[in-house]
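Coordinate inspection notes
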Amino acid sequence: MKILYFAWLRQKIGTGEERKDIPANVTTVAQLVDWLKSEGDHYADAFKDTSAIKVAINQEFADFSAAVQSGDEVAFFPPVTGG
C-alpha cells in the first residue's frame, strides 16, 4: 500500500510517502490507522485526533469506515479551509 501524508502529518511522521505491507486483517481506514499507531510513537502522535484528519483512497475522498486493500493509495491530510 502506498500511504501519503500531508502538512503537519508529514512533519510528525517524518516522511511524505511510504509503502507498507499491511496485515490481511486491516480492511478499513480505521483499522489502518490503528495499525499505523502501533508502528511507533510518531504515528501514534500524528493520529491521536482523527477528527482533525481527512482521508482519500485512490484520490477519492473517503471516511474512516471505507474499505482499503493492499494495492490502494491512501492519503491523510488536515482539513482545508478557504478564505
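Relevant structure appears above.
Residues numbered from 1 in each chain as written. Predicted model: local features only at pLDDT ≥ 70, side-chain atom pairs only at ≥ 80, totals over all residues. Heavy atoms only, no water.

**A few points about the overall build of the chain**
The helix and strand tally for the chain stands at three helices and five strands. Written out in order from the N terminus, the α and β elements of the chain read β-α-β-α-α-β-β-β. In terms of overall dimensions, the chain is globule-like: its C-alpha atoms have a radius of gyration of 12 Å, near the 12 Å expected for 83 residues. If you line up the chain on its principal axes, its C-alpha atoms span 40 × 30 × 20 Å. (Helix = DSSP H or I, 4+ residues; strand = E, 2+ residues; numbered from the N terminus. Rg over C-alpha atoms; globule rule 2.2 N^0.38 Å.)

**Structural notes on the pattern of salt bridges**
In total, this model carries five salt bridges according to the counting rule given. Here Glu 73 and Lys 2 are joined by a salt bridge, their closest N and O atoms 3.8 Å apart. Of the two residues, Glu 73 is situated in strand 5 (residues 73–77) and Lys 2 in strand 1 (residues 2–5); the sequence distance between them amounts to 71 residues. Relative accessible area serves as the criterion here: at 18%, Glu 73 is assigned to the buried category. Here Asp 45 ties to Lys 12 by a salt bridge, and the two come within 3.4 Å at their closest N and O atoms. Of the two residues, Asp 45 sits in helix 3 (residues 41–46) while Lys 12 sits in helix 1 (residues 8–13), which places them 33 residues apart along the sequence. (Salt bridge = Lys/Arg side-chain N within 4 Å of Asp/Glu carboxyl O. Buried < 20%, exposed > 50% of the residue type's maximum accessible area, 1.4 Å probe, protein only.)

**Section: the packing of aromatic side chains**
Per the stated rule, a full pass over the model turns up five aromatic pairs. An angle of 75° between the planes, with centres 5.0 Å apart, marks the rings of Phe 47 and Phe 76 as edge-to-face. One end of the pair, Phe 47, is in the loop between helix 3 and strand 3 (54–57); the other, Phe 76, is in strand 5, and 29 residues separate them in sequence. Here the aromatic cluster, defined as three or more aromatic residues joined through ring pairs, consists of Tyr 5, Tyr 43, Phe 47 and Phe 76. (Phe/Tyr/Trp six-rings, centres within 6.5 Å; stacked < 30°, edge-to-face > 60°.)

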